[in-house]
Amino acid sequence: MRRSALRVFYDGAGLLIFVVMIFPIYWMVTTALKPGKEILSLDPYWFPAPVTFENFTSAMQVPFFWNDVVNSLTVVLSVVGISIVISFLAAVAVARFGFRGRTAFIVMVIGVQMVPLNALVIPIYLLLDSVGQVDSLLGVIAYYLAVLLPFMVWTLRGFVHNIPIDLEEAAMVDGASRVGAFMRIVFPLVAPGLVATAIFGFIQAWNEYIIAYVLLSSSSKQTLTIWLASFTTQHGTDWGGLMAGATLTSLPVVVFFLLVQRRVTGGLTAGAVKG
Amino acid sequence: MVARKGLPYALIAPATVVILGVLGWPLLDLLYLSTQHYGLRELFQHQGQFVGLQNFANILADPQFKYVVEVTLIFTAANIVLSMTLATIIALLMERVSSFVRVLLGAGLVFVWATPVIPAIDLWQWMFDYEFGVINWLLTRIGAGNYIHHNWFENPVQGFTVITVVVVWGAIPFLALTLHAGLTQVPRELIEAAQIDGARAWQIFRNVTLPTLKPLLLVLLSLSTIWDFQVFNQVWVMLNQRPNENYYVISVFSFQESFRVSQFGLGSAVAVVMVAILMIISFFYVRQTVRSINEAGA
């Protein structure tokens, strides 16, 4: 009897925490779906009735929305495309070979992730300014590349490491060359990990704020995270539009994150789990 | 595996070049800039004036910097303590609820985790809006006082409370889910044996669960410290990119010195202090991670 009462208490507490955690997201999405008079109401409307998409259509008509979608995609796709190749090469080296300087390389890869971007943005700005590359997507791409690489090397190392080396060696005993064994045995096995890492890189680059904020000053060159500020003016904030914009910006990230979360997020705590 | 000698070096070369070129070089440049007088005039000439350690002497003598450091330490500590404690409670709770609630709570946490930080800040800004914010309505309704047209950011203590809520809300999912995964590694037999021996729940937590979780807790603690110490976006976006001086945590202070008042040398000196502190905090985390990799033999 006491046991089941305790169970009910725990379940109740769990449900309460669920509601508190998820409510902000619910509120963002439902606000985006409400007509203006339900948003600007002193007593909140808990459900949007009627559901309207006018906030979404007006958000998409905000100047430079499509422009900034294209900018975000350009930056993110180039960064992910280049970094996945470079980081895979390095991950193979770290996971498969022992060599002098390997520990130094690992220390660099982990340590560099701890350096705060808002400290580096000062020299980056001055460097790019002196070569006339401020307000250009190219500068942002180069910078994001370096931000994503350490994380991607680290995650991919885990994936490559988990493929038993015996498989490769068996293929080589059967007459495959080293490259052949790698391409035919290891690569197919590691491909899902590559996709997951690429998607996670996509998310990180898509969400980045401070570099884009400092480097991209003209509206036509900005990315979506910066574009969100355009709903706030001196006259106040267009909450419906902002929530619609926030929902739109989050949507691809949330979908992608749900796909890869289980595969990718273990790397950060790799040091604490018995390998 | 025996390798041709050059191969691993060829494989890591592109990554090394990019990381050192795009992160390492600016890091050195930051150090160099911190010894320069670098104002607007220097910005146009692309050339600073060497002043030695004068910038550091200036910020250390600056009462505002003292305020910044104090606020940053309190704010960081509050974020760490709250997010770690709440995450631990949630992780322990997840072990005790019915499987339906566990799945639901897990899914909710993943959704929060997935939400990008800038939209998340925007939505909290809306919830704490002074006029139509749902939180002011709720607090007034449950009788916590009159919060109608209450502006949370007039008083920096209240403002930082709101920002802490945003930071902690965003930090909980990763911490709680990682801890929950860690808890499932605690050997069942040990807990059962302790129960048979008549140990109380608290004793089991202290003497069985906690020691097993210790390495994981330490790593999460150092990651939280690293992240919470450099919080920038939450302050910056929450206050519409115009935080007043009460809201200068160290990252914001360094940014404002550089980009608002164009004292890039001073801003760099503040940033160097920030990086130096972070390096010390990171040391444990990096050492632990590298050690585990080398022990695992790959």
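Residue numbers here run from 1 along each chain, matching the order of that chain's written sequence. The lettering of chains begins at A and the numbering of ligands begins at 1, in the order of writing. For a predicted model such as this one, the threshold for reporting local features is a pLDDT of at least 70, and the threshold for listing and counting side-chain atom pairs is 80 or more; totals across whole chains, interfaces and linings nevertheless cover every residue. As a rule here, side-chain values come from all non-hydrogen atoms in the structure, and water together with hydrogens is ignored.

Now for the overall build of chain B. Numbering goes from the N terminus for both helices and strands, where a helix is a DSSP run of H or I of at least four residues and a strand is a run of E of at least two. A count of helical and extended segments in chain B gives 13 helices and two strands. Overall, chain B is about 75 × 70 × 30 Å in size when its C-alpha atoms are taken along their principal axes. Considering chain B as a whole, with its 298 residues, one finds that 54% of them fall into the buried category. Of the contacts made within chain B by residues no fewer than 6 positions apart, 64% connect residues no fewer than 24 positions apart. Of the roughly 13,900 Å² of accessible surface on chain B, a fraction of 64% belongs to carbon and sulfur atoms. Neither His nor the chain termini are counted; the positive set is Lys and Arg, and the negative set is Asp and Glu. By convention, the point assigned to a charge is CZ for Arg, NZ for Lys, CD for Glu and CG for Asp. Computed over 15 positive and 16 negative side-chain charges, the inter-centroid distance for chain B is 10 Å. Buried means the residue's accessible area, taken with a 1.4 Å probe over protein chains only, is under 20% of the maximum for its type, while exposed means over 50%, and partly exposed covers the values in between. By definition, residues are in contact when any of their heavy atoms lie within 4.5 Å. Accessibility throughout is a Shrake-Rupley quantity obtained with a 1.4 Å probe, and a residue counts as covered only by protein chains that appear here.

The next subject is the environment of Pro116(B). Considering the arrangement of structural elements, one finds Pro116(B) in the loop between helix H5 (99–114) and helix H6 (117–127). Spatially, the C-alpha atoms of Pro116(B) and Tyr247(B) are 23 Å apart, while their sequence positions differ by 131 residues. Residues contacting Pro116(B), with those up to four places away along its chain left out, are Asn207(A), Thr249(A), Ser250(A) and Val253(A).

All right, on to the side chain of Ser224(B) then. Mapped onto the elements of the fold, Ser224(B) is located in helix H10 (residues 201–229). For Ser224(B), a relative accessible area of 4% puts it in the buried group.

Residue and element names in this part refer to chain A. Assigned domains of chain A: these are domain 1 (2–52) and domain 2 (62–266). An automatic or database domain assignment supplies the start and end points of every domain. Computed over C-alpha atoms, the centres of domain 1 and domain 2 are 33 Å apart. Taken residue by residue, the interface counts six residues in domain 1 and seven residues in domain 2. The quantity reported as buried area is the accessible area (1.4 Å probe) lost by two parts once they are put together, taken as the sum for both. Carbon and sulfur atoms supply 85% of the area that domain 1 and domain 2 bury against each other, a total of about 460 Å² over both sides. Salt bridge, as used here: a side-chain nitrogen of Lys or Arg that lies within 4 Å of a carboxyl oxygen of Asp or Glu. For the interface between domain 1 and domain 2, the tally reads zero salt bridges. Under the rule applied, a polar contact is a pair of N or O atoms within 3.5 Å (in protein, one hydrogen donor and one hydrogen acceptor; residues adjacent in sequence only if both atoms are side-chain atoms). In this structure, the connection of domain 1 to domain 2 is made through zero residue pairs in polar contact (both at pLDDT 80 or more). Top contributing element to the side of domain 1 that touches domain 2 by residue count: helix H1 (residues 2–32), with four residues. A per-class count over the side of domain 1 that touches domain 2 returns five nonpolar, one polar and no charged. Three classes are used: nonpolar for Ala, Val, Leu, Ile, Met, Phe, Trp, Tyr, Cys and Pro, charged for Asp, Glu, Lys and Arg, and polar for all others, with Gly counted as polar.

Here we come to the nonpolar core. Only buried residues count toward a nonpolar core, which is a set of Ala, Val, Leu, Ile, Met, Phe, Trp, Tyr and Cys residues joined through side-chain atoms within 4.5 Å. Counting 202 residues, the largest nonpolar core has Phe105(A), Leu109(B), Trp124(B) and Ile163(B) as the members making the most contacts within it. Counting residues per element, this core draws most heavily on helix H7 (residues 137–161) of chain A, which supplies 16 residues. Counting only domains with at least three residues in this core, you end up with domain 1 (2–52) and domain 2 (62–266) of chain A. With residues near it in sequence (within four places) discarded, Trp124(B) still touches Pro24(A), Ile135(B), Val165(B), Val166(B), Trp169(B) and Met238(B).

Let's shift gears to helix H12 (residues 250–260) of chain B. Residue and element names in this part refer to chain B. Among the eleven residues of H12, nine are classified as buried, and the element is accordingly described as predominantly covered. Taken as a whole, H12 has its buried residues at Ile250, Ser251, Val252, Phe253, Ser254, Phe255, Gln256, Glu257 and Ser258. Following H12 by one or two positions, serine 262 adopts a phi angle in the positive range, close to 55°.

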